[in-house]
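Report on the structure
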Amino acid sequence: DDDDINDVASMAGVNLNEESARIMATNSDLVGTQIQSCKDEPFLAAIPLHKRILETAKKLGITDVPAEVVTFISHATQTRLRTVIEKVTVITQHRMESYKDDEWYEQATDVRAQLKFFEQLERIEKQRKDEQEREILLKAAKSRSRQEDPEQARLKQKAKEMQQQELAQMRQRDANLTALAAIGPRKKRKLDAPGLLAMGGEGAGLCGGSQAGLGTGSPRQYPRQKITRVNLRDFIFYMEQEREMSHSLLLYRALLK
């Protein structure tokens, strides 16, 4: 009776035997298994790393470096490299992210359209200058003055060369149009023509390999893996944000490239 009074599980209506049986049935695959730790695989090659550490330690008066230090530095390098790659990957994804289709963003300026506008202005200005120069050359070519200065002779020669060049361009254009008219319109080959799918006899024997699948349904579409390409600009931005590398020599060397 005293045991029943002191048994809190019985007073709460919990049967320990049933609970133990239920736990054993649920985790039956884990019962009796032996858990062992994995082998400690160093990230860097141990022998060259140990040699490099000894060379640096001798300058500080240290003659012996245990193997545990080499393993610890190897794991620290792996962790550091993983952190750098993760941060640079996030920077690259932010750089490649497009906000054109986002309803919460409104385009304020369009640099590409502005560049096209300036290019068009330059093209119009160049065309205007070419027209002015052409008029000057034509006037110089039509002049009938008996006493011509060297500048007038140079303008006449340049006008003559310009007329010959324009004539050659017109002849070349006419020759190209004549050749295209003689060839006729180009016909595109239709791979999905119904006659090609219904060929039989000798025609069917010619189709083999990859062409044999023309009569099947839609081709298999393999999922395209998204590739994140990191460039030097992303690394420079990462080093500028890091306190330890914002004033390092490595950053200045990267900026000079």
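Residues numbered from 1 in each chain as written. Predicted model: local features only at pLDDT ≥ 70, side-chain atom pairs only at ≥ 80, totals over all residues. Heavy atoms only, no water.

Applied cut-off: UniProt positions are given in the numbering used here, feature names are shortened, and annotations may be inferred rather than shown by experiment.
The name an unreviewed UniProt entry gives the protein chain is TAF4 factor, with Dicaeum eximium as the organism. Of the protein chain, the UniProt comment under Subcellular location (unreviewed entry) reads exactly: "Nucleus". Annotation of the protein chain in UniProt includes, under Sequence similarities (unreviewed entry), the sentence "Belongs to the TAF4 family."

**What to know about the overall build of the protein chain**
Where we set the bar: Elements are defined by DSSP. Helices are runs of H or I of four residues or more, strands are runs of E of two residues or more, and each kind is numbered from the N terminus. The rule is simple: take the accessible area with a 1.4 Å probe, protein chains only, and divide by the maximum for that residue type; under 20% is buried, over 50% is exposed, in between is partly exposed. Whether two residues touch is decided by their heavy atoms; if any such pair falls within 4.5 Å, the residues are in contact. Using a 1.4 Å probe, accessible areas were evaluated by the Shrake-Rupley method; residue-level cover was limited to the displayed protein chains.
Secondary structure summary: the protein chain contains eleven helices and zero strands in total. In the protein chain, the order of α-helices and β-strands from amino to carboxyl end is α-α-α-α-α-α-α-α-α-α-α. When each of the 257 residues of the protein chain is scored for burial, the buried share is 11%. Restricting to contacts in the protein chain with at least 6 residues of sequence separation, those with at least 24 account for 50%. Surface accessibility of the protein chain: about 23900 Å² in total, with carbon and sulfur atoms responsible for 55%.

**Focus: helix α10 (residues 232-241)**
By the burial criterion, the buried members of α10 are D234, I236, Y238 and M239. Tucked inside the fold, the buried residues of α10 contact α5 (67-96) and α11 (249-256).

**With respect to the nonpolar core**
Going by this rule: We call a set of buried residues a nonpolar core when its members are Ala, Val, Leu, Ile, Met, Phe, Trp, Tyr or Cys and they connect through side-chain atoms within 4.5 Å of each other.
Formed by V84, V88, I91, I236, Y238, M239, M245, L251 and A254, the largest nonpolar core amounts to nine residues. If you list the elements that add at least two residues to this core, you get α5, α10 and α11. Residue contacts for M239: discarding those within four places in its chain leaves M245, S246, L250, L251 and A254.

**Comments concerning the confidence of the model for the protein chain**
Which entries qualify depends on this criterion: Summary of the metric used: pLDDT quantifies the predictor's per-residue confidence within the range 0 to 100.
For the protein chain, mean pLDDT is 77; residues scoring 70 or higher make up 73% of the total. At the low end of the mean pLDDT range in the protein chain sits helix α9 (residues 202-206), at 42; at the high end sits α10, at 92. Note that pLDDT drops below 50 for residues 193-215; the model gives that stretch six contacts with residues more than four away or on any other chain.

**Some details on the pattern of salt bridges**
The cut-off we apply is this: Salt bridge criterion: a side-chain nitrogen from Lys or Arg within 4 Å of a carboxyl oxygen from Asp or Glu.
With the rule as written, the count across this model stands at six salt bridges. In this structure, the salt-bridge partner of K158 is E133, at a minimum N-O distance of 2.9 Å. Highlighted residues: K158 in helix α7 (residues 150-183) and E133 in helix α6 (residues 111-142), separated in sequence by 25 residues. With relative accessibility at 36%, the residue K158 sits in the partly exposed group.

**Quick look at the packing of helix α4 (residues 46-59) against α5**
Helix-helix packing is described using two parameters, namely the angle between the two axes and the distance between the axes. Heads up, the condition is: Between N-to-C directions, angles span 0 to 180 degrees; the directions come from axes that are lines fitted to C-alpha atoms, helices contributing only their stretch in contact. These descriptions rest on fixed angle ranges, namely under 35 degrees for roughly parallel, over 145 for roughly antiparallel, 65 to 115 for roughly perpendicular, and the rest for oblique. When residues are grouped by polarity, Ala, Val, Leu, Ile, Met, Phe, Trp, Tyr, Cys and Pro land in nonpolar, Asp, Glu, Lys and Arg in charged, and all others, Gly among them, in polar.
Remark: α4 packs on α5, axes separated minimally by 10 Å, with the N-to-C direction vectors making an angle of 105°. By the criterion of interaxial angle, the relationship of α4 to α5 is roughly perpendicular. Residues A46, L49, H50 and I53 of α4 form the contact with α5, whose own contacting residues are V70, I73 and S74. Class assignment of the residues belonging to the contact of α4 with α5 gives a composition of five nonpolar, two polar and no charged.

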